[in-house]
2 protein chains.
Amino acid sequence: MAEKLRGAAVFGQSGGPTSVINASAYGVIRTALDAPEITNVYGMAHGIVGMLNDELYDMSKEDAGELELLLNTPSSALGSCRYKINGDEDLKKIHEMCVKYNIRYFFYNGGNDSMDTCNKISNYMEKVGYECRVMGVPKTIDNDLVGTDHCPGFGSAAKYIATSVAEVHQDAYVYDTGAITVMEIMGRNAGWLTGASALACLSDSPPDLIYLPEVPFDMDKFLRDIEAVYKKKKKCLITISEGAQYADGSFVSHAKVSTTDGFGHAQLGGTAAQLAARITKEFGVKTRGIELSLLQRCAAHLASQTDIDEAFLAGKSAVEYAIAGGTGKMVCFIRDSKDGKYHCRVEYEPLSICANAEKKIPKEWITKDETYVTQEFIDYVLPLIQGDNKRTQENSLPRFAKLKKIKATI
Amino acid sequence: MAEKLRGAAVFGQSGGPTSVINASAYGVIRTALDAPEITNVYGMAHGIVGMLNDELYDMSKEDAGELELLLNTPSSALGSCRYKINGDEDLKKIHEMCVKYNIRYFFYNGGNDSMDTCNKISNYMEKVGYECRVMGVPKTIDNDLVGTDHCPGFGSAAKYIATSVAEVHQDAYVYDTGAITVMEIMGRNAGWLTGASALACLSDSPPDLIYLPEVPFDMDKFLRDIEAVYKKKKKCLITISEGAQYADGSFVSHAKVSTTDGFGHAQLGGTAAQLAARITKEFGVKTRGIELSLLQRCAAHLASQTDIDEAFLAGKSAVEYAIAGGTGKMVCFIRDSKDGKYHCRVEYEPLSICANAEKKIPKEWITKDETYVTQEFIDYVLPLIQGDNKRTQENSLPRFAKLKKIKATI
């Protein structure tokens, strides 16, 4: 058993928000506040940027009830960032901060880029011989992290997408006239979210065609696919990933490729509008492009309770594992369904495995005609969207956590 | 008291769907099926188009449990249309259908255009001396019908908009970098829905600026307004109506003005994307345009229970009023809050008053700087969004009504 390590803990949130990233925050913060080994709990203002700028919040100053409301508060309550660690200079600064605040536990909540950040910090601390246990807490609606069965954040986004597609289906099929509807869903290189639109079949309101980034986009085939559906139904409901790209790697949405985020990724979007214009031109049919945009990653009102519970578990487990001596790992979920029911347990994988890699939909879960996902895909996603969340409301509107965010001093 | 009139009833749905139009359908159908005076209950396939094409469904053939699920099924379960009555030829055909099926009760659920259709039918029946009681049931997310305090459908859309804006606010304010977000909300000439975004203030997550179609749009002022907010916050969250137009009456969104619906109204949308591009150009700041599109009118999962109850009441009242001898009227809501609490009761106004007219936000409910709504506006909307709906789910996904839609025969 590892030696007991006394010191402060710091927690940060990074990358695009999800509906449940704050549930992980609550898992980390609550568990750390309650742990006798942990002397102080700090929150980074805007992730690692807060570490670099000496902007930490003292989490012990927060009201316990408000902290609990984090379970149903979307987005990143401490603020997020898209900052790429800039070599040893940044790492040195982070080390200095750890020394200054006697930080011995470092928890970082994010996706692949954030796990890379986390891994670099872990390696640096080891190199300079500063004892600090560094743990990654997974988070991404994209569900593309390697090493884990699924990611906190995905289930809630999937539930929002399946529900919204089912509802839009009711609307898109309502008129006696022809109508084509294109719904654009997030996911740069992995189609998990777009595939989740297939779950609308359980409401008898599925999309007719699904276009994933795993399949090279072919405009001619796309138009022929639509034509075939439209001939039969005078309607067609299409879901497509914002990351849909041609065989040569260029995005279907050219419009926004010029803008990039901090990691050099293109800012996508506009695919639905662009394709809707093309379809109207081709078929002369009223076509509507709908982009789910930010809504799909912050719709906490429709968060899956399973996802909330697991997000909390991920945060809590990271703290417990670090206190027990673990470091340099990301919390991972293992699906265990031997009795035919869904169970999820926690394991820990090296950060180096999780950093920067992307998990895509397996080929065998995409139908042969490449315009749908299989029943196996649906069976994989379905347990993750279960359960209505028990959100707090005031005036029938969401009551989010109100944090004081009091600056930590030493 | 009017003479008892025995005969069949017909019900149709028209115009853009809402989350609760089917709750009104259930109010009409259930009440009519239970009424001894009414011999048959028919549903029009795609509104008045079904009357013209002799496509009616026999509602008595439907399962009672499935009919009840209409309370939480969005969009128009019988199908909708955007068909403008084409003079006496159509009216003659509708009269023939009434004679054929012995229809003595005619219920039509829609907005201003549909009330016009209803009024023409009512007048024609009187002219040709055919006794048929014609009633309009109000429906529109736009809340722009004259003669009623508010419209079924508005409360649910308002709740979805306020909740979504609050959630997007959490996301839009998350990064340490500058960000401007423009959310486009439905409403051609009346800004009720866009104004409802202000209710996000009750979640401490309000939009910073609100642009209504009631106020002529001025691009220079718009950019100056944003600049003032951005200087203080490095963020700006804007809500704007799809119908925003310049002082000369031209729409801010030129892109889609060329496409028109069946009534000659321009199909709007694209305003957010267009303004986001302009803002990026002007300020060089990452700007995201989000169009709530169809989502806001079909998000039954977030429907207001108050709205569902009132939509049902509107349908039920129409039938009871007609059985009692009433005709040529639209069901209207009167707000009665003498005891300081919200109450809603039903009255009936002549169709001629409700047809084609549009009710806009009163000037005194718009702030002096023309970029917000007043507390009076918020107090008006708040009671209408109250109550979580008790929706039926399967697999944590919506369970919509499954109608058999069996063709009526005579």
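Model, not experiment: these values are computed from the prediction. (Residues numbered from 1 in each chain as written. Chains lettered and ligands numbered in written order. Predicted model: local features only at pLDDT ≥ 70, side-chain atom pairs only at ≥ 80, totals over all residues. Heavy atoms only, no water.)

Engineer: Requested: an account of the pairing of strand E8 (residues 235-241) of chain A, with residues and values cited.
Structural biologist: Residues and elements named next belong to chain A. Burial analysis of E8 places 7 of its 7 residues in the buried class, the great majority of the element. Alternating residues of E8 divide into Lys235, Leu237, Thr239 and Ser241 and Cys236, Ile238 and Ile240, and every residue in both groups is buried. Sheet topology places strand E6 (residues 179-185) next to E8; 7 bridges connect them, and they run parallel. Note that in E8 the partner of Met183 across the bridge is Thr239. The pairing of strand E7 (residues 209-211) with E8 spans 3 bridges and is classified as parallel. In the strand pairing of E8, Tyr211 is matched with Ile240. Handedness of the crossover joining E7 and E8 through helix H8 (residues 219-233): right-handed. (Buried < 20%, exposed > 50% of the residue type's maximum accessible area, 1.4 Å probe, protein only. Helix = DSSP H or I, 4+ residues; strand = E, 2+ residues; numbered from the N terminus. Pairing = 2+ DSSP bridges. Right-handed = clockwise from strand over helix to strand, strands pointing away.)

Engineer: So what's going on with the sheet that holds strand E11 (residues 344-350) of chain B? Which residues, and what values?
Structural biologist: All names here are of chain B. What the 7 strands build is an open sheet, ordered E3-E2-E1-E4-E5-E10-E11; its pairing is mixed. Looking at strand neighbours, the two that pair on one side only are strand E3 (56-58) and E11, the edges of this open sheet. Strand-to-strand, the axes of this sheet are offset by a mean angle of 30°, without reference to chain direction. Taken together, the 4 bridges between strand E1 (residues 7-13) and strand E2 (residues 38-44) define a ladder with parallel strand orientation. Bridge pairing links Ala9 to Val41 in E2. Along the sheet face, helix H5 (residues 112-128) touches strand E4 (103-110), strand E5 (133-138) and strand E10 (329-335) and points at about 175° away from the line of E5. In the packing of helix H11 (residues 305-323) onto the sheet, the strands contacted are E2, E4, E5, E10 and E11, and the crossing angle to E5 comes to about 165°. (Axes fitted to C-alpha atoms, helices over the stretch in contact; angles between N-to-C directions. Contact = heavy atoms within 4.5 Å.)

Engineer: Quick one: what's the story with the interface of chain A and chain B, residue by residue and with numbers?
Structural biologist: Every contact between the two is made by 61 residues of chain A and, on the other side, 61 residues of chain B. The largest share of the area that chain A buries against chain B comes from Glu167(A), Tyr175(A) and Leu397(A), three residues that together contribute 13% of it. The closest approach of N and O atoms between Arg297(B) and Asp171(A), which form a salt bridge, is 2.7 Å. Counting every contact that joins chain A to chain B gives 34 residue pairs in polar contact (both at pLDDT 80 or more). Residues that form the side of chain A that touches chain B fall into these classes: 26 nonpolar, 22 polar and 13 charged. (Buried area = accessible area lost by both parts, 1.4 Å probe. Salt bridge = Lys/Arg side-chain N within 4 Å of Asp/Glu carboxyl O. Polar contact = N/O pair within 3.5 Å; in protein donor to acceptor, adjacent residues only side chain to side chain. Nonpolar A, V, L, I, M, F, W, Y, C, P; charged D, E, K, R; others polar.)

Engineer: Go over the nonpolar core with me, naming the residues and quoting the values.
Structural biologist: Grouped burial of nonpolar side chains is what soluble globular proteins tend to show. Core analysis: the biggest nonpolar cluster contains 90 residues, and Val381(A) and Val381(B) have the highest contact counts within it. Not counting the four nearest positions on each side in its chain, Val381(A) is found in contact with Phe154(A), Ala158(A), Ala196(A) and Leu199(A). (Core = buried A, V, L, I, M, F, W, Y, C linked by side-chain atoms within 4.5 Å.)

Engineer: An account of the packing of aromatic side chains is needed here, citing residue identities and associated values.
Structural biologist: Residue and element names in this part refer to chain A. All told, the structure shown has 28 aromatic pairs over all chains when counted by the stated rule. With 6.4 Å between their ring centres and 5° between their planes, Tyr105 and Phe107 make a pair best called stacked. You can call Phe107 buried: its relative accessible area is 0%. When the centroid spacing of 6.0 Å and the interplanar angle of 40° are considered together, the rings of Phe106 and Tyr108 count as tilted. The same class applies to Phe106 as to Tyr108, namely buried. Every member of this aromatic cluster is reached through a ring pair, and the members are Trp192, Trp365, Phe377 and Tyr380. (Phe/Tyr/Trp six-rings, centres within 6.5 Å; stacked < 30°, edge-to-face > 60°.)

Engineer: Summarise the relation of the copies chain A and chain B; cite the residues concerned and give the values.
Structural biologist: For the pair chain A and chain B, the superposition axis carries a translation of 0.0 Å, the fit reaches an RMSD of 0.0 Å, and the rotation angle comes to 180°. Look at the turn and shift together and you get a two-fold axis relating the two. Closest to the rotation axis within chain A is the C-alpha of Glu291(A), separated from it by 3.6 Å. By residue overlap, the copies meet face to face through one surface: 100% of the interface positions of chain A are interface positions in chain B. (Least-squares fit on C-alpha atoms with pLDDT ≥ 70 in both.)

Engineer: Could you give an account of helix H1 (residues 21-34) of chain A, naming the residues involved and the relevant values?
Structural biologist: Residues and elements named next belong to chain A. Here H1 is 14 residues long and its end C-alpha atoms lie 20 Å apart, about the 20 Å a rise of 1.5 Å per residue gives. By the criterion of burial, H1 is predominantly enclosed, with 11 of the 14 residues buried. Residues of H1 that are buried include every one of Ile21, Asn22, Ala23, Ser24, Ala25, Tyr26, Gly27, Val28, Ile29, Thr31 and Ala32, and no others. As for H1, its buried residues are in contact with strand E1 (7-13), strand E2 (38-44), helix H3 (64-68), strand E4 (103-110), strand E5 (133-138) and helix H11 (305-323). (Expected span 1.5 Å × (residues − 1).)

Engineer: Now, about the confidence of the model for chain A: what can you tell me, with residues and values included?
Structural biologist: All names here are of chain A. Taken over all residues, the pLDDT of chain A has a mean of 94, while the share at 70 or more is 96%. Scored below 50 in pLDDT, residues 255-262 makes 17 contacts in the model with residues more than four places away or belonging to other chains. The complex prediction reports pTM at 0.96, with the ipTM value standing at 0.96. (pLDDT = per-residue confidence, 0-100.)

Engineer: Residues and numbers for the pattern of salt bridges, please.
Structural biologist: Two side chains of opposite charge can pair, provided their charged atoms sit close to one another. Tallied over the entire structure, the rule returns 38 salt bridges over all chains. The partner of Lys221(B) in a salt bridge is Asp225(B), and the shortest N-O contact between them spans 3.1 Å. Linking Lys221(B) with Asp225(B), this pair stays in helix H8 (residues 219-233), spanning 4 residues, or about one helical turn. The class for Lys221(B) is partly exposed, based on a relative accessible area of 23%. Beyond isolated ion pairs, a larger network of salt bridges with shared partners links Glu66(A), Glu394(A) and Arg399(A).

Engineer: Describe in detail the packing of H8(A) against helix H9 (residues 271-283) of chain A, supporting the description with residues and values.
Structural biologist: Residue and element names in this part refer to chain A. Close contact between H8 and H9 brings their axes to 12 Å; oriented N to C, the two are set at 65°. Crossing of H8 over H9 shows right-handed handedness. Of the residues in H9, those in contact with Met219, Phe222, Leu223, Ile226 and Glu227 of H8 are Leu275, Arg278, Ile279, Glu282 and Phe283. (Left-handed = near helix turned anticlockwise from the far one by under 90°.)

Engineer: I'd like to hear about the state of the cysteines, residue by residue, with values.
Structural biologist: Here the structure, examined in full by the defined rule, presents 0 disulfides over all chains. Take Cys201(A): it sits in no disulfide, and the sulfur closest to it among the cysteines is that of Cys236(A), at 16 Å. Lacking any disulfide linkage, Cys298(A) is separated from the closest cysteine sulfur, that of Cys298(B), by 17 Å. On the basis of relative accessible area, Cys298(A) is assigned to the buried category, the value being 0%. (Disulfide = S-S within 2.5 Å.)

Engineer: How would you explain the sheet that holds E8(A) if you had to name every residue and give the values?
Structural biologist: Residues and elements named next belong to chain A. Pairing is parallel in the open sheet, where 4 strands are placed in the order E7-E8-E6-E9. The sheet terminates laterally at E7 and strand E9 (287-291), the two strands that pair on one side only. Pairwise comparison of adjacent strand axes, ignoring direction, gives a mean angle of 15° for this sheet. Running over the sheet, helix H6 (residues 154-172) touches E6, E8 and E9 and is turned about 165° from E6. Against the sheet, H9 makes contact with E6, E8 and E9, and its axis sits at roughly 170° relative to E9, the strand it touches most.

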